Amino acid sequence: MTGGEVAGILVAVFWAILVSFLAVVLARLAQTLRATTRLVTEVTEQAVPLLADASATVRSAQTQLDRVDAIATDVQEVTSNASALSTTVASTFGGPLVKVAAFGYGVRRAMGRRSDGTTAPARERSDRTVIVGRTVAPARTGRGRWGRKG
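Residues numbered from 1 in each chain as written. Predicted model: local features only at pLDDT ≥ 70, side-chain atom pairs only at ≥ 80, totals over all residues. Heavy atoms only, no water.

(A) Fine view of the overall build of the chain. Within the chain one finds one helix and two strands. For the chain, the succession of helices and strands along the chain, N to C, is α-β-β. Expressed as a percentage of its 150 residues, the buried residues of the chain come to 1%. As displayed, the chain has an accessible area near 13,600 Å², and 65% of this comes from carbon and sulfur atoms. (Helix = DSSP H or I, 4+ residues; strand = E, 2+ residues; numbered from the N terminus. Buried < 20%, exposed > 50% of the residue type's maximum accessible area, 1.4 Å probe, protein only. Areas by Shrake-Rupley, 256 points an atom, 1.4 Å probe, with all protein chains shown as cover.)

(B) Spotlight on the packing of aromatic side chains. Enumeration over the complete set of coordinates arrives at one aromatic pair. Relative to W15, the ring of F14 lies with its centre 6.2 Å away and its plane at 70°, an arrangement referred to as edge-to-face. (Phe/Tyr/Trp six-rings, centres within 6.5 Å; stacked < 30°, edge-to-face > 60°.)

(C) Broad picture of a nonpolar patch on the surface. Residues M1, V6, I9, L10, V13 and I17 make up a contiguous nonpolar surface patch of about 620 Å² in total accessible area. Along the chain, L10 turns up in helix α1 (residues 3–112). (Patch = residues over 30% accessible without salt bridge, like charges linked within 9 Å, V, L, I, M, F, W, Y side chains within 5 Å. Salt bridge = Lys/Arg side-chain N within 4 Å of Asp/Glu carboxyl O.)

Structure (structure tokens):
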């Protein structure tokens, strides 16, 4: 055997090993591509119904938001009507009620005077103050915190 024949045999063995290696790599790559194709198919089969459900949920949420918007508009209208009613009632009854209260105060003051035009002595008068419907005793003067003078 000559040197050229040995070199040819070595190149042929190298090419055989290289082709075998490439065949194994291509076979594994084909398996990977098949598994990927199956995975993509399964994900697509599951994603389509999920997207349909999500779309229906978004449509339902939009309907509910439209209803809430209508309710908020109605509440705003009711609030403005209540405010207008409150203003009207205050302007209609506020002035006359103040006048009636002033008249009642004047009548009480007039009834507290004696027939000769003088006021009753302090002991005979009521030394109590009326605050919003309840009677409060007058503040004690000349007494400390514990009721002692000083």
